[in-house]
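Inside the fold
This is what each chain is made of:
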Amino acid sequence: EVQLVESGGGLVQAGGSLRLSCAASGFIFDDYAFGWFRQAPGKEREVVACFSHADDGTHYVDSVKGRFTISSNRAENTVYLQMNSLKPEDTAVYYCNALIGGISIYWGQGTQVTVSS
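1. Side note on the packing of aromatic side chains
For any two aromatic rings, the description comes down to two numbers: the centre-to-centre distance and the angle of the planes. If you walk through the whole model with that rule in mind, you get 7 aromatic pairs. Ring centres of F27 and Y106 lie 4.9 Å apart, and the angle between their planes is 40°; on these two criteria the pair is classed as tilted. Highlighted residues: F27 in the loop between β3 (18-25) and β4 (33-39) and Y106 in strand β10 (residues 103-107), separated in sequence by 79 residues. Judged by relative accessible area, F27 falls into the buried class, the value being 12%.

Here is the structure:
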């Protein structure tokens, strides 16, 4: 059974940090690129960060550059999103996504991140 299970969300004050985890199972982890997306109430889902196992390349949306870091632990089949200097505008449901060729294949159930001012 294919699963992407996110964890690590919660409530944090502005300026604080959280680390999200995405545990993958049921497919070959190294064959996929991974992305973290987020969706705030009333807004469209947007990509936050991506990681490619093909070249260990990363990509970030401008609003999180210098604050968020995406990483992969191949031994644990887990992708992380370290989020520092959080802002109220980072409040959203965060989703883990597995992609091949830029096409989204699998989604996690999402984890809520709430940043209070």
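2. So, the nonpolar core
Within the largest apolar cluster, 29 residues are counted, with the highest numbers of intra-cluster contacts made by F34, W36, L81, M83 and Y94. For this core, the secondary structure elements donating two or more residues are β3, β4, β5 (46-51), β7 (68-73), β8 (78-83), β9 (92-100) and β11 (111-116). The residues contacting Y94, other than those within four sequence positions of it, are E6, L20, W36, F37, R38, V48, F68, L81, M83, G110, T111 and V113.

Rules of the game
- Residues numbered from 1 in each chain as written.
- Predicted model: local features only at pLDDT ≥ 70, side-chain atom pairs only at ≥ 80, totals over all residues.
- Heavy atoms only, no water.
- Phe/Tyr/Trp six-rings, centres within 6.5 Å; stacked < 30°, edge-to-face > 60°.
- Helix = DSSP H or I, 4+ residues; strand = E, 2+ residues; numbered from the N terminus.
- Buried < 20%, exposed > 50% of the residue type's maximum accessible area, 1.4 Å probe, protein only.
- Core = buried A, V, L, I, M, F, W, Y, C linked by side-chain atoms within 4.5 Å.
- Contact = heavy atoms within 4.5 Å.

Remember, this is a structural readout, not a statement about activity or role.
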